[in-house]
Amino acid sequence: MSYQPYFLLTDIIYFFLLFICIIIIWRCRQTRFFQQIKSTLYSRKALCALMIIFAYLTVATLDSIHFTVVKSNQYFSKGRVISVLDILFEKTQAKHEKTYSKPLASHLFTAEKVMKNGIVTWVYPTLNISQARLKSSVSTTDFILRKICMTLGCTLSLFLLVYLLTFNLRKQKPYYAWRTFYITTIILLMFASIIIFTSSDYHLLGTDKVGNDILYVSLKSVRTAVLLGSITMLIMLPFAIFFGMGAGYWGGKIDDMIQFVYTTLSAIPSVLLIIASVLALQVFIERHDTFFSTMIMRADIRLFVLCLILGLTSWTSLCRVIRAETLKLRELEYVQAAKVMGTPNLKILFRHIFPNVLHIILITVILDFSMIILAEAVLTYVGVGVDPTTYSWGNMIDAARMELARTPVVWWPLFSAFSFMFILVLAINIYVDVLRDKLDPRNS
Amino acid sequence: MIPILVMVNVITFVLFFSINSPDDIARAQLGNKHISMQQITDWKITHGYNLPLFYNVKEQGIERVVQTLFFQKTLKLFIFDFGVSDAGRPIGQDISHRMWPSFILALPSLIIGLLVNISFALLLIYFRQTYLETTGLIICIILMSISPLFYIISGQYLIAKTFQLLPISGYEPNFAAWRYILLPVIIGVISGIGMGGRWYRTIFLEEANKDYVKTARAKGLSELKILFGHILKNGMLPILTGVVILIPSLFLGSLLLESFFGIPGLGSYTIDAINQQDFSIVRVMVFLGALLYVIGLLLTDISYSIADPRIRLS
């Protein structure tokens, strides 16, 4: 074995979270609430959005399974921490370029001075990745045709598999938007197979200033975004739920105290609070850098700390909403009845009140998830986001923001960072919109 | 109100001083790694960091509490004595200089943004249950899914670089400022439409479903009259709350816009301070932000009682 499993802190938390989610979904699959959520899949746009979100989650999950390289091979040196995604992209990664190249280009974007027979000429050097292809006898047209055939073949055969697997289910449950499901499947499969088959011979989205493949960097950034969103939610939820329901249910002194805490926290402009905490912790990490032996561990800790801080600063708004709803629910007859019959307070909270604020929690969590993905880019730009060595869309934008000032314009790094971010956030927002219509018709 | 501000100060104080001791601040400011203890002590004395954190045993009486870092560095903020930054400049003076560009940028963004968002939301209500509304809502979702950085970068690229209508960045005092302010304001307004339009729409929609609107319609009032005379008027109350929530987010918006457009306001001041790890400035800015928020809360309460006489201030 040349690879050995390796666990980063955020990986463990992420898989723990996935595990909890799966258990909750499995346990609650019969409840009315879950049936309501499932009924969002009757809507075409919700189904499409959800599938795109799942595609992103898959990339993030693949990228969260890490290995250390025990024996160095032609792609990876010994001791490096890599993920499944790195292994899928090993060929692309091995072909490192010098600097910018356009999407699908075969030559570098900038010319280089070459001495030839004593005369200085400017040439555009061939990319490392396309050297093998250009040297071989196969013509470019043939090559592209062959790639197209492979892509189509792969897509169609996988699609056939999916079609056959869902055949029975479709007969049983004809209400779901099956046509959209199949069309989205085809599109996603096509993208996947294009990436798999051509990424070893082309930089599909070009390369950046130091010659990294943009597509690879963008895909690696998916993990950062997803983890940042989900771990923040994990940290934020207990605070918001317990404090919100507690304040609303018990009222009095407890309510005053909790209100004081969240007013204080929201009085500090959230950006500045985040900046202040990140700065303080950054210095802490720098001073105790012996704790974190490798660079990847340090970047990982910083990601976790960022989640922690975002979680601790962003629970206030959800807490306020839950408190207001609990105040209303407390006065309802079934809660009063439960109280009269001597049901313990905690049991009332979790039997009678919690299920009725659940829809608010779910909607806010998913919405905040997309907000955090957008906020990450802003924070990284300000200089308090994720570690500069972490792959993230924020870092990509930060590195590329002067590139539009160049002539000719280098547009592809910004383009891909923004479009990857846009597609994910758009999918989440569209899904939330449908979900809100289903769960909370009054507010939509 | 005052307890909140004190608490804010305690939080920032703990954040900055317990994790970063004054020694660390001195080391960060003095720069190089090979500095003697003597240099650090000297720096701490000249910048007033040589006091204990909360309680000074060397002094007598009230001085035991006064002669501490907590009192000197944070409680003095309440009388607007901001002291000197770690780099040695008076913060109060810097802030009074940099306040105006920030103000000139933030106020038009807020007002124009509000007007645009409210009229967009009213349009959505006017055309409700038609294709125009669906299209408008889809546009809203798309607009709010785009990163704010994209608006800034593409706006600068298109308007300032390609068409050269306005300067890319920079600032001039007095009336010449409008040329530099216009682009950031436009970008700020556009990036807020998605969120704001939907938010105000839900408010107006709730009003539009109430009985008095049906009565007005039954009386034969025109839709436009209902929209402006009834729905808008009654929707103003929840909008007032929303505006207060906007104030802190205005801070974030300006932070980004100012640093991208090179406007010498408070936002870019903060970002510079962050990059130089000048904690005294960040601390002052946190205090000012919290102060603004608390004042905003107070103003909402007052405006509530003016807008709706049924609500009394207790």
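Residues numbered from 1 in each chain as written. Chains lettered and ligands numbered in written order. Predicted model: local features only at pLDDT ≥ 70, side-chain atom pairs only at ≥ 80, totals over all residues. Heavy atoms only, no water.

(A) Representation of the sheet that holds strand β1 (residues 3–6) of chain A in the model. Residues and elements named next belong to chain A. On the basis of which strands lie adjacent, the open sheet formed by three strands has the order β1-β2-β3 and antiparallel pairing. Because the sheet does not close on itself, it has two edges, and the strands there are β1 and β3 (81–83). Strand-to-strand twist in this sheet, taken as the mean axis angle between neighbours without regard to direction, amounts to 40°. (Pairing = 2+ DSSP bridges. Helix = DSSP H or I, 4+ residues; strand = E, 2+ residues; numbered from the N terminus. Axes fitted to C-alpha atoms, helices over the stretch in contact; angles between N-to-C directions.)

(B) Expanded view of the side chain of Thr316(A). Residues and elements named next belong to chain A. With respect to the helices and strands, the residue Thr316 is situated in helix α13 (residues 295–330). We classify Thr316 as buried; its relative accessible area is 8%. The contacts of Thr316, once residues within four sequence positions are left out, are Tyr262, Leu265 and Ser266. (Buried < 20%, exposed > 50% of the residue type's maximum accessible area, 1.4 Å probe, protein only. Contact = heavy atoms within 4.5 Å.)

(C) Structural detail: the interface of chain B and chain A. Each partner contributes to the interface: chain B provides 46 residues, whereas chain A provides 49 residues. The contact between chain B and chain A buries some 4,100 Å² in all, and 78% of this surface belongs to carbon and sulfur atoms. For chain B, the biggest contributors to the area lost against chain A are Ser145(B), Ile153(B) and Ile274(B); these three give 13% of the whole. Here Arg198(B) makes a salt bridge to Asp433(A), at a shortest N to O gap of 3.0 Å. Along the contact surface separating chain B from chain A lie four residue pairs in polar contact (both at pLDDT 80 or more). Secondary-structure elements contributing two or more residues to the side of chain B that touches chain A are α1 (2–18), α7 (131–145), α8 (148–162), α9 (178–208), α11 (223–261), α12 (266–275) and α13 (279–307) of chain B. Looking at the side of chain B that touches chain A element by element, the count peaks at eight residues for α13(B). Partitioning the side of chain B that touches chain A into residue classes produces 33 nonpolar, nine polar and four charged. (Buried area = accessible area lost by both parts, 1.4 Å probe. Salt bridge = Lys/Arg side-chain N within 4 Å of Asp/Glu carboxyl O. Polar contact = N/O pair within 3.5 Å; in protein donor to acceptor, adjacent residues only side chain to side chain. Nonpolar A, V, L, I, M, F, W, Y, C, P; charged D, E, K, R; others polar.)

(D) Quick peek at the packing of helix α17 (residues 412–439) of chain A against α7(B). The geometry of α17(A) relative to α7(B) is characterised by a closest axis approach of 9 Å and an angle of 135° between their N-to-C directions. When the axes of α17(A) and α7(B) are compared, the pair comes out oblique. α7(B) is crossed by α17(A), and the crossing has right-handed handedness. Between α17(A) and α7(B), the contacting residues are Phe422(A), Val425(A), Leu426(A), Asn429(A), Ile430(A) and Asp433(A) on the first element and Ile141(B), Ile142(B), Met144(B) and Ser145(B) on the second. Broken down by class, the residue content of the contact of α17(A) with α7(B) amounts to seven nonpolar, two polar and one charged. (Parallel < 35°, antiparallel > 145°, perpendicular 65-115°, else oblique. Left-handed = near helix turned anticlockwise from the far one by under 90°.)

(E) Focus on the confidence of the model for chain B. Taken residue by residue, chain B gives an average pLDDT of 79. The fraction at 70 or more is 80%. With pTM at 0.89, the complex prediction returns an ipTM value of 0.85. (pLDDT = per-residue confidence, 0-100.)

(F) Representation of the confidence of the model for chain A. Mean pLDDT over chain A stands at 86; residues scoring 70 or higher make up 98%. Mean pLDDT values over the elements of chain A span from 74, in helix α12 (residues 270–287) of chain A, up to 93, in helix α3 (residues 44–63) of chain A.

(G) Highlighting the environment of Val243(B). Residue and element names in this part refer to chain B. Note that Val243 resides in helix α11. Val243 gets classed as buried once you look at its relative accessible area, which sits at 18%. Counting along the chain gives 142 residues from Val243 to Pro101, while the straight-line C-alpha distance between them is 21 Å.

(H) The arrangement of the environment of Thr166(A) in detail. All names here are of chain A. Its location among the elements puts Thr166 in the loop between α7 (140–165) and α8 (167–172). Classification of Thr166 as buried rests on a relative accessible area of 12%. Sequence separation of Thr166 and Trp178 is twelve residues, and the distance between their C-alpha atoms is 9.5 Å. With sequence-adjacent residues up to four places away left out, Thr166 is seen in contact with Trp178, Phe181 and Tyr182.

(I) Representation of the environment of Gly342(A) within the structure. Residue and element names in this part refer to chain A. Relative to the elements of secondary structure, Gly342 occurs in the loop between α14 (333–340) and α15 (345–382). Residue Gly342 is classed as exposed on the basis of its relative accessible area of 54%. Along the chain, Gly342 and Trp315 lie 27 residues apart, while their C-alpha atoms are 32 Å from each other.

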